[in-house]
Amino acid sequence: MTRSATLAVVGGDIRQAHLAGMLHADGHMVRTFALERHPVEGCAAVSDLRACFAGVQAVILPLPVQHGDAQLNAPLSNAPHPLSDVLDAVPAGTPTLAGAVPFWVHARAVQNDLHLIDYLSRDELAIRNAVPVSLAKSTVSDRGMQKKGTGFCQSPLSAGFSRAACGKSCPPPDRFSGC
């Protein structure tokens, strides 16, 4: 049996709303903040930051965490929220996840004794994100893995052109024009 957690999902776009819904579907108690334009069924929409964060095991902030000049990225919110206010409301020691975290946010998290994790900089996200992105960019032809005339090989599992992708020995490229 999995252990249920109380989590706060804060701001962001439709991806955050879907995340809140999936976490709820997995049996977690989820509180949302700054998602007023897209209420999530089964999740408690809370308008007070401190009430939203009281007793949570983790806070999940959006990707990117910042919009404009130090505002929480919250396009589904009815009002702007200074990111510093959000960080100041998170209880000390609470694991806090966010994406594309600028330096000043890291510094504020240290000042507030928060355990901040920038999930965009984690290898797990980079690896799991690379496959769908590279498949979308892939232009491998039916004739094979090597693009003619370039000396570079392209694999559906590489984000671009790579000599290592096909294992062939190709001459060095002439700047951007290929071999």
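Note that the structure is predicted; figures quoted are calculated from it, not measured.

Quick notes on the rules
Residues numbered from 1 in each chain as written. Predicted model: local features only at pLDDT ≥ 70, side-chain atom pairs only at ≥ 80, totals over all residues. Heavy atoms only, no water. Helix = DSSP H or I, 4+ residues; strand = E, 2+ residues; numbered from the N terminus. Buried < 20%, exposed > 50% of the residue type's maximum accessible area, 1.4 Å probe, protein only. Contact = heavy atoms within 4.5 Å. Areas by Shrake-Rupley, 256 points an atom, 1.4 Å probe, with all protein chains shown as cover. Salt bridge = Lys/Arg side-chain N within 4 Å of Asp/Glu carboxyl O. Core = buried A, V, L, I, M, F, W, Y, C linked by side-chain atoms within 4.5 Å. Pairing = 2+ DSSP bridges. Right-handed = clockwise from strand over helix to strand, strands pointing away. Polar contact = N/O pair within 3.5 Å; in protein donor to acceptor, adjacent residues only side chain to side chain.

Participant: What is the right way to look at the overall build of the chain in this model?
Facilitator: Counting its regular elements, the chain contains 5 helices and 10 strands. Among the 179 residues that make up the chain, the fraction classed as buried is 37%. Looking at the chain alone, contacts between residues at least 24 apart form 44% of all its contacts between residues at least 6 apart. Carbon and sulfur atoms form 58% of the exposed surface of the chain, whose accessible area is close to 10600 Å².

Participant: I keep staring at the pattern of salt bridges and nothing clicks. Help me out?
Facilitator: Think of it this way: side chains of opposite charge can pair up when their charged atoms draw near. As enumerated under the stated definition, the model contains 3 salt bridges in all. In this structure, D13 and R15 form a salt bridge, with 2.9 Å as the shortest nitrogen-oxygen distance. The partner of R108 in a salt bridge is D88, with the nearest N and O atoms 2.7 Å apart. With R108 in helix α4 (residues 103–111) and D88 in helix α3 (residues 83–89), the pair connects residues that are 20 residues apart, well separated along the chain.

Participant: Explanation requested: the nonpolar core in the structure shown.
Facilitator: General note: in soluble globular proteins, nonpolar side chains tend to be found buried as a group. Within the largest apolar cluster, 25 residues are counted, with the highest numbers of intra-cluster contacts made by V10, F53, V59, L61, L72 and V86. Of all the secondary structure elements, the ones that give two or more residues to this core are β1 (6–10), α2 (49–53), α3 and α4. Of the residues forming this core, the biggest block, 4 residues, is contributed by α3. Excluding residues within four positions of it along the chain, F53 makes contact with A8, V10, R31, V59, V86, A89, V90 and P91. V9, A17, L35 and V40 belong to the second-largest nonpolar core, a separate cluster that totals 13 residues.

Participant: I keep staring at unusual backbone geometry and nothing clicks. Help me out?
Facilitator: For residues besides glycine, phi is generally negative; the peptide bonds are generally trans as well. Omega for the bond connecting L63 with P64 falls within 30 degrees of zero, at -10°, which places this linkage in the cis form. Among the secondary structure elements, P64 is positioned in the loop between β4 (58–60) and β5 (66–67). Non-glycine residue A34 carries a positive phi angle of around 65°. Relative to the helices and strands, A34 is located in the loop between β2 (29–33) and β3 (44–45).

Participant: What should I look at first to understand the pairing of β1 in this one?
Facilitator: Across a regular strand the side chains alternate sides, sitting on one face of the sheet and then on the other. For β1, a buried count of 5 out of 5 residues is recorded, marking the element as mostly surrounded by other parts of the structure. What you see with β1 is no split at all: T6, A8 and V10 on one side and L7 and V9 on the other are buried throughout. In this structure, β1 lies alongside β2, joined through 5 bridges in parallel fashion. The partner of V9 across the bridge, within β2, is T32. Regarding topology, helix α1 (residues 14–25) serves as the crossover connection from β1 to the parallel β2, and that connection is right-handed. In the sheet, β1 pairs with β4 via 3 bridges, with the strands oriented parallel. Its bridge partner lying in β4, A8 is registered against V59.

Participant: Looking at this structure, how should I read the pairing of β2?
Facilitator: For β2, the tally of buried residues reaches 4 of 5 residues, placing the bulk of the element in the interior. Pairing of β2 with β3, which is carried by 2 bridges, proceeds in the parallel orientation. Bridge pairing in β3 links R31 to A44.

Participant: Would you explain the side chain of D118 in this entry?
Facilitator: In this structure, D118 sits in strand β8 (residues 115–118). Of the polar contacts made by the side chain of D118, one reaches the backbone nitrogen of A100; its length is 3.1 Å. Not counting chain neighbours up to four residues away, the residues in contact with D118 comprise A98, G99, A100, V101 and H106.

Participant: Is there a simple way to think about the environment of D48 in this case?
Facilitator: Here D48 is to be found in the loop between β3 and α2. Distance from D48 to A34, taken between C-alpha atoms, is 9.8 Å for residues 14 residues apart in sequence.

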